[in-house]
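# Descriptive structure summary
Given next are the chains, with one letter for each unit.
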Amino acid sequence: MADLNNLLGDIHSDEEDAPLATLQHQADDDNDRERLDLPPALAEAARKQYQTATPEKESEEGEEEDGIEEDPDYAQLKRLWKQEMNTPELMTHDTETIGLFLELLEGQEETIDKLPSRMDSNLAPLLQSIYKMDADRVRFMLTDMTRARLDKLEAHPLYMREMVDRMSEQEIDYLKEYGQLTERHLRRTVLDHLPKDAWKKLDEPEMIDTPNLDQFVFCKVLETVEIDNHDAQGNDDDDDEDGIQEHKAGSCLIARYSAIRDLVLKGKIEMLL
Amino acid sequence: SSPLLLLFLFHIIMAMYGQKGRDLLLELKRSDWLPPYNGELCTEILEEISLHFDELQAQISGNQKPPMEARSSLLLHDMAIRRNKRCLLAYHVSRLTALQKEVNTGYEHFNSAQLATVTAESEQDFLQQYEKLRTNFGAALNLDLRASLYPPEQDFVQVRVLTSTLGTIVTTSGSAVNLQLGTIHYLPREDVEPLIRQGLLEQVDGEEEG
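Before going into details, it helps to say that this report is about the structure given with it.

Cut-offs and rules
- Residues numbered from 1 in each chain as written.
- Chains lettered and ligands numbered in written order.
- Predicted model: local features only at pLDDT ≥ 70, side-chain atom pairs only at ≥ 80, totals over all residues.
- Heavy atoms only, no water.
- Helix = DSSP H or I, 4+ residues; strand = E, 2+ residues; numbered from the N terminus.
- Buried < 20%, exposed > 50% of the residue type's maximum accessible area, 1.4 Å probe, protein only.
- Areas by Shrake-Rupley, 256 points an atom, 1.4 Å probe, with all protein chains shown as cover.
- Contact = heavy atoms within 4.5 Å.
- Buried area = accessible area lost by both parts, 1.4 Å probe.
- Salt bridge = Lys/Arg side-chain N within 4 Å of Asp/Glu carboxyl O.
- Core = buried A, V, L, I, M, F, W, Y, C linked by side-chain atoms within 4.5 Å.
- Pairing = 2+ DSSP bridges.
- Axes fitted to C-alpha atoms, helices over the stretch in contact; angles between N-to-C directions.
- Left-handed = near helix turned anticlockwise from the far one by under 90°.
- Nonpolar A, V, L, I, M, F, W, Y, C, P; charged D, E, K, R; others polar.
- Phe/Tyr/Trp six-rings, centres within 6.5 Å; stacked < 30°, edge-to-face > 60°.
- Polar contact = N/O pair within 3.5 Å; in protein donor to acceptor, adjacent residues only side chain to side chain.
- Expected span 1.5 Å × (residues − 1).
- Arc of directions from axis to C-beta.

Here we take up the overall build of chain A. Along the backbone of chain A there are eight helices and five strands. N-terminal to C-terminal, the α/β element order of chain A is α-α-α-α-α-α-α-β-β-β-β-α-β. Across the 273 residues in chain A, those meeting the buried criterion constitute 40%. Looking at chain A as shown, the accessible area adds up to about 15900 Å², and 48% of this sits on carbon and sulfur atoms.

Along the backbone of chain B there are seven helices and five strands. Put simply, chain B runs from its N terminus to its C terminus through helices and strands in the order α-α-α-α-α-α-β-β-β-β-α-β. Per-residue burial over chain B gives 39% buried out of 210 residues. A sequence separation of at least 24 residues applies to 66% of the contacts in chain B between residues at least 6 apart.

To continue, consider the interface of chain A and chain B. Think of interface size as the accessible area that goes away when the parts come together; that is how it is often given. Across the contact, 41 residues belong to chain A and 43 residues belong to chain B. Of the roughly 3800 Å² buried between chain A and chain B on both sides combined, carbon and sulfur atoms contribute 68%. It is A:Arg147, A:His185 and A:Trp199 that lose the most area in chain A upon contact with chain B, and together they represent 18% of the buried surface on that side. If you look at where chain A meets chain B, you find three salt bridges. For A:Arg188, the salt bridge goes to B:Asp125, with nearest N and O atoms at 3.0 Å.

So, about the nonpolar core. Counting 61 residues, the largest nonpolar core has A:Leu142, A:Leu153, A:Met160, A:Tyr174 and B:Leu88 as the members making the most contacts within it. Ranked by residues supplied to this core, first place goes to helix α4 (residues 68-104) of chain B with nine residues. In contact with A:Leu142, other than residues within four places in its own chain, are A:Leu77, A:Ile98, A:Phe101, A:Leu102, A:Leu105 and B:Leu143. Listed in part, the 15 residues of the second largest apolar core include A:Met91, A:Leu213, A:Cys219 and A:Val221.

As a further point, take the sheet that holds strand β5 (residues 201-203) of chain B. Residue and element names in this part refer to chain B. Across the sheet, which stays open at both edges, the three strands sit in the order β4-β1-β5 with antiparallel pairing between neighbours. Either end of the sheet is taken by a strand with one partner, and the two such strands are β4 (184-188) and β5. Shown here is a sheet whose adjacent strand axes are inclined to one another by a mean of 45°, direction ignored. Where strand β1 (residues 156-161) meets β4, five bridges bridge the pair, whose relative direction is antiparallel. Along β4, the bridge assignment pairs Arg160 with Ile184.

Moving on, we get to the packing of helix α5 (residues 124-155) of chain A against helix α6 (residues 121-141) of chain B. At a closest axis distance of 12 Å, the pairing of α5(A) and α6(B) adopts a crossing angle of 140°. For the element pair α5(A) and α6(B), the recorded crossing hand is right-handed. Where α5(A) abuts α6(B), its residues A:Thr146, A:Arg147, A:Leu150, A:Asp151 and A:Glu154 lie against B:Tyr130, B:Arg134, B:Phe137 and B:Leu141. A class-by-class count of the residues in the contact of α5(A) with α6(B) yields four nonpolar, one polar and four charged.

On to the packing of aromatic side chains. Tallied over the entire structure, the rule returns six aromatic pairs over all chains. Their ring planes at 65° and their centres at 5.3 Å tell us that A:Tyr174 and B:Phe137 sit as a pair that is edge-to-face. Taken together, the positions of A:Tyr174 in helix α7 (residues 169-189) and B:Phe137 in helix α6 put the pair across two chains. Neither residue differs from the other here; A:Tyr174 and B:Phe137 are each classed as buried. Through a chain of ring-to-ring contacts, the aromatic side chains of A:Tyr174, A:Tyr178, B:Phe126, B:Tyr130 and B:Phe137 assemble into a single cluster.

Its place among the elements puts A:Thr189 in helix α7. By relative accessible area, A:Thr189 is classed as buried at 11%. Of the polar contacts made by the side chain of A:Thr189, one reaches the backbone oxygen of A:Leu186; its length is 3.4 Å. Here A:Thr189 is in contact with B:Tyr37, B:Leu46, B:His92 and B:Ser122, once residues within four sequence places are set aside.

We now examine helix α3 (residues 39-59) of chain B. Over its 21 residues, α3(B) extends 31 Å from the first C-alpha to the last, a length consistent with the 30 Å expected when each residue adds 1.5 Å. Restricting attention to buried positions, one finds in α3(B) the residues B:Leu41, B:Cys42, B:Ile45, B:Leu46, B:Glu48, B:Ile49, B:His52, B:Phe53 and B:Leu56. In an axial view of α3(B), the angular spread of the buried residues amounts to 150°, which keeps them on one side of the axis. What points out from α3(B), more than 90 degrees from its buried face, is the exposed set B:Glu40, B:Leu51 and B:Ala58. In this fold, the buried residues of α3(B) make contact with α7 of chain A together with α2 (19-30) and α4 of chain B.

Sheet strands pair by backbone hydrogen bonding; their relative direction is either parallel or antiparallel. All names here are of chain A. Taken in spatial order, the three strands line up as β4-β1-β5 in an open sheet, and their pairing is antiparallel. Each edge of the sheet is formed by a strand with only one pairing partner; in this case those strands are β4 (252-256) and β5 (269-271). The sheet shows a mean angle of 45° between the axes of neighbouring strands, taken without regard to direction. In terms of strand pairing, strand β1 (residues 216-221) meets β5 through three bridges, oriented antiparallel. Each bridged residue has a counterpart across the sheet, and for Val221 the counterpart in β5 is Ile269.

Residues and elements named next belong to chain B. Burial along β1 is one-sided: the residues Val157, Val159 and Val161 are buried and none of Phe156, Gln158 and Arg160 is. Bridge count for β1 against β5 is three bridges, and the pairing is antiparallel. Bridged to Val161 within β5 is Leu201.

Next up, the structure:
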């Protein structure tokens, strides 16, 4: 029994050592480069290589979590993405961060292609795939977020007309065009066949549906806040308390979105996936 | 007995107000995805609306205010018209939403030929313009909104070819790959993702199954 356990242990440690061994071997071959320390994560290896190599590349690949200045942007992008995915209503468009990453993505392909000429050919494919993964991640977040926003616009187009201050220029144009497209279609199929104008309207107040602001969401409290738990009808059958609850920073909650809406918009509560 | 007969018929017709609207929506609800566009039923509902309207017209003769007794009937017809309108609008909008979703995920379940059998001409026009709208929006941002549907896990994936209709493709890295039925290839994820979604390729996990 004891032997079997040891045997398995040997097998595992053998597997771990093998990739490290090859890296060491490659590093030994470059006499003119600084020797790589060898932590397990490949990203660490790339970072050390990058930092000892050309420093002027810093401006181009900002998304890796190595440069001190770029990390907060990446974190911001991630936060924007999480928020957009988890809130029923449209979030404010962060033109700065999104613009930054769109630009970075454009420059990325060039950077990736130029890598082999700048460094040792053994490591270049490795770094290329790392940078590519990073670019893919950023692209995924941007695409997913954009899709979520467009889906929200399309789900409640009439309601979204009032939330224009949260959209970018292109989104406003998109909403207009989409609205026209839908209206044209509905006119063609239904409304034009109705007898009188009074029935042809699409935007009477009762007809506009709003996103469900009462849905429950997972969230995390960033600063200590007070949440008023009363809803419009005061339906608080479970709680006999006042309804105003205080929550300390760092606690995670499931809450009705309408109760925490203001705090989310002020940035005191963030969404969790 | 003829007034009785008339009353009987009238009663039957009365009981059917609003039935067609309901049937239309039930058809939508009961199908797996979308039933073919039921243009006939929509036309019938529109006819029902004009019948209601005719009734209304008949009661508002001239410019005099209709008598109190007539008010409830007027209200009934107005509400019936609004209800039918609502059913029709709901039907069309639900169909549009389902169709849009299909377009947005890159025709995952049905290709455009199959969609053509299910949609009306007006819906096809809508979809064409909608697709253009979305693609232009993505292009302005330099993002392909139909790619990257799942978070990226690996750079390259191993795939097995499931149909024999694919032939040779050129990957983003420039190499040409001949996709014959049953062969397994190691390809960049982005080339392969749309094909996997359409069911033409199958992702092979690293684990061997017997």
